[in-house]
Amino acid sequence: MAEKKAVISRVDPVWTHICDEARAAVRDEPLMGGLIHSGILHHQTLERALSYRFSMKLASSEMSEQILREIADEAYEADPELGQAARADIVAVYDRDPAAHRFMQPLLYFKGFQAVQAYRVGHWLWLQGRRDLAYFVQMRVSEAFGVDIHPGAVVGKGIMIDHAHSIVIGETAVVGDNVSMLHSVTLGGTGKEDGDRHPKIGDGVLIGAGAKVLGNIHVGDRSRIAAGSVVLQDVPSCKTVAGVPAKVIGSAGCEQPALSMDQLIDSRH
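Below you will find a few notes about this structure. A quick note: this is a predicted structure, and the numbers were derived from the prediction, not measured. (Residues numbered from 1 in each chain as written. Predicted model: local features only at pLDDT ≥ 70, side-chain atom pairs only at ≥ 80, totals over all residues. Heavy atoms only, no water.)

1. Things to note about the overall build of the protein
Rules: Numbered from the N terminus, helices here are DSSP runs of H or I no shorter than four residues, and strands are runs of E no shorter than two. The globule rule used for comparison is 2.2 Å times the number of residues to the exponent 0.38, while the radius of gyration itself is calculated over C-alpha atoms. For every residue, the accessible area obtained with a 1.4 Å probe (protein chains only) is divided by the maximum for its type, and the residue is called buried under 20%, exposed over 50%, and partly exposed between those limits. For this analysis, residues touch if any pair of their heavy atoms sits within 4.5 Å. With residues, only the protein chains shown are counted as cover, and all accessible areas are computed by Shrake-Rupley using a 1.4 Å probe.
When you go through the protein residue by residue, the secondary structure sums to ten helices and 15 strands. Taken over the C-alpha trace, the protein has a radius of gyration of 19 Å; the compact-globule value for 269 residues is 18 Å, and the two agree within 12%. Expressed as lengths along the three principal axes of its C-alpha atoms, the size of the protein is roughly 55 × 45 × 40 Å. In the protein, which comprises 269 residues, the proportion classed as buried is 51%. A separation of at least 24 residues holds for 46% of the contacts in the protein among residues at least 6 apart in sequence. Accessible area for the protein stands at about 12900 Å²; split by element, carbon and sulfur atoms hold 53% of it.

Quick look at the structure:
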């Protein structure tokens, strides 16, 4: 029985699919062979590939690839939930982003996915009390990807950030599972207040491009925030809000707005 469990534990459909795609990509475009081999095919697990990508993207003259690789390897080994969250994020991107045609694309090319995985390592460091290293990771993620997620923020799994330019998520923000957001979203505070000061985003929420959600407010599950809105008050579950300041203008339009990615607003509202 113990041997059977060990075999089952090695089954990893997401990673197997990525490796199959990678081998096909090398056959189709041999000039990409070096990048694809070093980024995917040289690694036995997705966690190892994520550690490699983390180190390659965030290394600088101040912190070498080797040190960053060791930090990420330690995080993934200590907390298996990091790898599981990454798998959920890959599936989320593939399912929701029409530009994603293969599972390997987020891992190699999409800065939103890569920034979230780097944040996850930084958050692990934060929880271990290694605050300076966590801040360093936050700084490098911001510099490399244009995404600024405080390592103290809590972000669920199944996250899709499309384009991901100019994303800001503050220290006490909480983002639920299966959330989708587009570029230039801010989950911020409203001034110089200390303590719990950032938004709490429920599960399955869709946040449109350029939306600003400010203050210690709650956005209910499966709600929808229209592009360019400024949200300053709680949002009920399964509703659409729009405007400056944002107001409820109707239902969310479907059961799972973050999965459907439907951002159109009924003109009759």
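There is more to say after this.
2. Considerations on the side chain of Glu21
The cut-off we apply is this: Counted as positive: Lys and Arg. Counted as negative: Asp and Glu. His and the chain ends are not counted at all. Any Lys or Arg side-chain nitrogen found within 4 Å of a carboxyl oxygen on Asp or Glu counts as a salt bridge. Whenever two N or O atoms come within 3.5 Å, that pair is a polar contact, provided that in protein one can donate a hydrogen and the other can accept it, and provided that, for residues adjacent in sequence, both atoms are side-chain atoms.
Here Glu21 is to be found in helix H2 (residues 13-28). One buried charged side chain, Glu21, makes no salt bridge at all; its nearest oppositely charged neighbour is Arg102, positioned 5.5 Å away. Within polar-contact distance, the side chain of Glu21 engages the backbone nitrogen of Phe103 at 2.8 Å. Polar contacts involving the side chain of Glu21 include one to the main-chain amide nitrogen of Met104, which spans 2.8 Å. Every residue in contact with Glu21, bar those within four places of it in the chain, is listed here: Arg102, Phe103 and Met104.

3. With respect to the pattern of salt bridges
Under the defined criterion, the tally for this structure stands at 13 salt bridges. The salt bridge partner of Asp20 is Arg23, with a shortest N-O separation of 2.8 Å. Residue Asp20 and its partner Arg23 are both found in helix H2; the two are separated by three residues, about one turn of the helix. Look at Asp20 and you get partly exposed, because its relative accessible area is 40%. On the basis of relative accessibility, which here comes to 40%, the residue Arg23 falls in the partly exposed class.

4. Examining the sheet that holds strand E14 (residues 239-242)
What holds strands together in a sheet is hydrogen bonding between their backbones, with the strands either parallel or antiparallel. In plain terms, the rule: We call two strands paired when DSSP finds no fewer than two bridges between them.
Sheet architecture is open: six strands sit in the order E3-E6-E9-E12-E14-E15, paired in mixed fashion. The sheet is open, and its two borders are formed by strand E3 (160-161) and strand E15 (247-251), each paired with just one other strand. When strand E6 (residues 180-181) meets strand E9 (residues 206-207), the two strands line up parallel, connected through two bridges. Residue pairing in the sheet places Ser180 in a bridge with Leu206 of E9.

5. As for the nonpolar core
The following threshold applies: Only buried Ala, Val, Leu, Ile, Met, Phe, Trp, Tyr and Cys residues count toward a nonpolar core, and they belong to the same one when joined by side-chain atoms within 4.5 Å.
Ranked by size, the top nonpolar core spans 77 residues in total, and within it Ile18, Ile40, Leu107, Met181, Leu187 and Ile207 carry the most contacts. Among the elements that line this core, the one with the most residues is helix H8 (residues 111-127), at nine residues. The residues contacting Leu107, other than those within four sequence positions of it, are Trp15, Ile18, Gly39, Ile40, Leu46, Ala49, Leu50, Arg53, Phe113 and Gln114.

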